[in-house]
Amino acid sequence: MIELDRVSVVVPGIRRDDPGKVLLHGITLELSERRIAVVGANGSGKSTLLRLLNGLRQPTAGTVRVDGHDTVTAGKQVRGIVGFVFTDPLSQLLMSTPVEDIELSLRATVRGRAKRLERARQLLDERDLGHVAHQSIYDLSGGERQLVALTSVLAVEPRIIVADEPTTLLDLRNRAQLERVFEGLPQQVVFSTHDMGFARTAERVIVVDGGRIVADDEPGPAIDHYVRLMA
Amino acid sequence: MNVHASLLGLYQPQDGWLFRLGTGWKYLLLLAVTLPALFWWQWWLTLGSIALVLALLRSSGIPVTRALNVGSMLWILLAVLVGYQLLTFRFEQAITSPGNVLLAVLASRLLTLTTSTPDLLDALTVGLRPLRWVRVDPNQVALAVAIMVRSIPYLMGSLADAREAARARGREGSVVGLLIPAIVGAVAYAQTTGEALHARGLVERSADSADAGSRVRVRR
């Protein structure tokens, strides 16, 4: 369970008389559904909201708790529970090849380099990525990169996955493939997207506009509200 | 984006003897083949050392063409160095100066082409253990080095992108037009890399030093 209690995020201004910019205004939410989509225009606060959920961004006011752990005071525990998938997998992949990147993730949980490498290869095989295990991450297709990034996150078995527009940079085929992978995950998944088809696969859709939650409902009514808002 | 031209190359598992040699020995080998040429600065020693490194790589199944595939940027830099030395009539230095740069890069490839990043990380962590005495976490330093190696092709790609963008805007000769976007891109890249480290819990993790492969425990 993720709980946000009157959370605001403010970016301070550069000058003394500049009050700064409010990115999120006093948001209170309880996120318990298995699939939750967050939709909104560019700059609406979607990414800020998602980044709060694993402590990448800290609230200026209010609290964010994941399974009772405060994201500010218990960041380590929170990041053990919440895995984060970035829009651009190249931002997320830290090693030169997929197998090495997953091995890096496994350093937290698996003892012994040989065991970690074996497990990394196994995880890549499970996603039909065994053939790219030793390729440069720069030589992979966009879809392969995003799948490797997701595999790296899943390697440490988080209970919750937060994904910030994971399909935005993908073509239609890779997008469909990744959506199928997300559908099959046993974890709770909170994702942001501009793809209304993908948003409709969620049980709950939250619409963000100007740093505020303007709709929070089942996919049908929430997406209708968003479409009217953008018209 | 021309991001594939990697200065240090990419490890691909093979059966050659260098692949089986311990990482510490490879570090020593790297120093042994580079230091004499850098110390004595003789053209014949530089050329001989380059030939030796290529032969060592070849004996482990890495062909000369792959060993010399260090990216066009380095070859351009070497050509500039040769040209400058020839123009100033320093013929011997036209070999030693770029030759020693090439030797250092090729020698580093003895390590990077034949050693996986996890092996490098563990070896570095062990080698950097004394840093704990000055309260520096060797795991974090080793991780920083590994990320630096991974970042080189990205940064070279950023430069190539900036060059193409400058060409598209008709500002091909502008150094500022080339460097500013590349620097801004590098800063943004550093920021996203930091976020990724944070999001994946790698910063806290290396402070815990839970890795058994390195057999290092770091005090908090």
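Residues numbered from 1 in each chain as written. Chains lettered and ligands numbered in written order. Predicted model: local features only at pLDDT ≥ 70, side-chain atom pairs only at ≥ 80, totals over all residues. Heavy atoms only, no water.

- Per an unreviewed UniProt entry, chain B carries the name Biotin transport system permease protein and comes from Tessaracoccus oleiagri.
- Heading Subcellular location (unreviewed entry) of the UniProt record for chain B holds this comment: "Membrane". (UniProt positions renumbered as here; feature names shortened; annotations may be inferred.)

- Looking at an unreviewed UniProt entry, one finds chain A named Biotin transport system ATP-binding protein, with Tessaracoccus oleiagri as its source organism.
- Database annotation for chain A, UniProt heading Sequence similarities (unreviewed entry): "Belongs to the ABC transporter superfamily."

**Some remarks on the overall build of chain A**
Thinking step 1. For chain A, the count of helices and strands is nine helices and ten strands.
Thinking step 2. Rg of the C-alpha trace for chain A: 18 Å, near the compact-globule value of 17 Å for 231 residues, within the 12% margin.
Thinking step 3. Oriented by its inertia axes, the alpha-carbon framework of chain A measures out at about 55 × 40 × 35 Å.
Thinking step 4. Expressed as a percentage of the 231 residues in chain A, the buried residues total 54%.
Thinking step 5. Pairs at least 24 apart in sequence give 65% of the contacts found in chain A among residues at least 6 apart.
Thinking step 6. Here chain A has roughly 9900 Å² of accessible surface; of this, 48% comes from carbon and sulfur atoms. (Helix = DSSP H or I, 4+ residues; strand = E, 2+ residues; numbered from the N terminus. Rg over C-alpha atoms; globule rule 2.2 N^0.38 Å. Buried < 20%, exposed > 50% of the residue type's maximum accessible area, 1.4 Å probe, protein only. Contact = heavy atoms within 4.5 Å. Areas by Shrake-Rupley, 256 points an atom, 1.4 Å probe, with all protein chains shown as cover.)

**Some thoughts on helix α5 (residues 72–87) of chain B**
All names here are of chain B.
Thinking step 1. A rise of 1.5 Å per residue sets the reference length of α5, with its 16 residues, at 22 Å; its end C-alpha atoms lie 22 Å apart and thus fit the reference within 8%.
Thinking step 2. Buried residues in α5 make contact with α6 (93–112).
Thinking step 3. Phenylalanine 89 sits one or two residues past α5 and shows a positive phi near 60°. (Expected span 1.5 Å × (residues − 1).)

**Regarding the pairing of strand β1 (residues 2–11) of chain A**
Residues and elements named next belong to chain A.
Thinking step 1. Two strands pair when backbone bridges link them, and β1 and strand β2 (residues 21–31) are joined in this way by seven bridges, in the antiparallel orientation. Paired with valine 11 across the two strands is lysine 21, which belongs to β2.
Thinking step 2. As defined by bridge partners, β1 adjoins strand β4 (residues 61–66) across five bridges and the pair is classed as antiparallel. Bridge pairing in β4 places leucine 4 opposite valine 64. (Pairing = 2+ DSSP bridges.)

**Brief notes about the packing of helix α2 (residues 23–40) of chain B against helix α3 (residues 43–59) of chain B**
Pairs of packed helices are described in terms of their axes, by the angle between the two and the distance that separates them.
Residues and elements named next belong to chain B.
Thinking step 1. Look at α2 against α3: their axes get within 9 Å of each other, and the N-to-C directions meet at 165°. In terms of axis orientation, α2 runs roughly antiparallel to α3. Viewed along their axes, α2 and α3 form a crossing whose handedness is left-handed. Between α2, through Leu29, Val33, Pro36, Ala37 and Trp40, and α3, the contact on the second element is made entirely by Leu45, Thr46, Ser49, Leu52, Val53 and Leu56.
Thinking step 2. In terms of residue class, the contact of α2 with α3 is made up of nine nonpolar, two polar and no charged. (Axes fitted to C-alpha atoms, helices over the stretch in contact; angles between N-to-C directions. Parallel < 35°, antiparallel > 145°, perpendicular 65-115°, else oblique. Left-handed = near helix turned anticlockwise from the far one by under 90°. Nonpolar A, V, L, I, M, F, W, Y, C, P; charged D, E, K, R; others polar.)

**What to know about the interface of chain B and chain A**
Thinking step 1. Counting residues at the interface gives 38 residues for chain B and 37 residues for chain A.
Thinking step 2. Our count for the contact surface shared by chain B and chain A stands at five salt bridges.
Thinking step 3. A salt bridge links A:Arg113 to B:Asp119; its shortest N-O distance comes to 2.1 Å.
Thinking step 4. Taken together, the links from chain B to chain A amount to twelve residue pairs in polar contact (both at pLDDT 80 or more). (Salt bridge = Lys/Arg side-chain N within 4 Å of Asp/Glu carboxyl O. Polar contact = N/O pair within 3.5 Å; in protein donor to acceptor, adjacent residues only side chain to side chain.)

**With respect to the UniProt feature "domain: ABC transporter" (unreviewed entry) in chain A**
Thinking step 1. Sequence positions flagged by UniProt for "domain: ABC transporter" (unreviewed entry) are, in local numbering, residues 2–231 of chain A.
Thinking step 2. Annotated as 36% helix and 27% strand, the span residues 2–231 of chain A places its first and last C-alpha atoms 32 Å apart.

**Looking at the pattern of salt bridges**
Thinking step 1. Applying the stated criterion across every chain yields a total of 16 salt bridges over all chains.
Thinking step 2. Its salt-bridge partner being A:Glu126, residue A:Arg119 comes within 4.0 Å of it at the nearest N-O pair.
Thinking step 3. According to the relative accessible area criterion, A:Glu126 is exposed, its value standing at 55%.
Thinking step 4. The structure contains a network of salt bridges with shared partners spanning A:Glu103, A:Arg107, A:Arg113, A:Arg116, B:Asp119 and B:Asp122.

**Some words on the packing of aromatic side chains**
All names here are of chain B.
Thinking step 1. Taken as a whole, this structure holds seven aromatic pairs over all chains when the rule is applied.
Thinking step 2. Centroid distance tyrosine 11 to phenylalanine 19: 6.2 Å. Interplanar angle 45°. Geometry classified as tilted. Both residues of the pair, tyrosine 11 and phenylalanine 19, count as buried.
Thinking step 3. When the centroid spacing of 6.3 Å and the interplanar angle of 75° are considered together, the rings of phenylalanine 89 and phenylalanine 91 count as edge-to-face.
Thinking step 4. Taking the relative accessible area as the measure of exposure, phenylalanine 91 reaches 52% and is therefore exposed. (Phe/Tyr/Trp six-rings, centres within 6.5 Å; stacked < 30°, edge-to-face > 60°.)

**A look at unusual backbone geometry**
Trans peptide bonds make up most of the peptide bonds, and negative phi angles are found at most residues other than glycine.
Residue and element names in this part refer to chain B.
Thinking step 1. Positive phi, close to 60°, is recorded for tryptophan 41, a residue that is not glycine.
Thinking step 2. With a relative accessible area of 35%, tryptophan 41 lands in the partly exposed category.
Thinking step 3. Positive phi, normally seen in glycine, also occurs at phenylalanine 89, with a value near 60°.
Thinking step 4. Take phenylalanine 89: it is sitting in the loop between α5 and α6.
Thinking step 5. For phenylalanine 89, a relative accessible area of 65% translates into the label exposed.

**With respect to the domain arrangement of chain B**
All names here are of chain B.
Thinking step 1. Looking at chain B, the domain boundaries give domain 1 (1–115) and domain 2 (117–220).
Thinking step 2. In this complex, domain 1 contributes twelve residues to the contact, which on the side of domain 2 involves 15 residues.
Thinking step 3. Both sides of the domain 1 and domain 2 interface together cover about 1200 Å² of buried area, and 73% of this is carbon and sulfur.
Thinking step 4. On inspection of domain 1 and its partner domain 2, the count reaches zero salt bridges.
Thinking step 5. Across the domain 1-domain 2 interface, the total number found is zero residue pairs in polar contact (both at pLDDT 80 or more). (Domains from an automatic or database assignment. Buried area = accessible area lost by both parts, 1.4 Å probe.)

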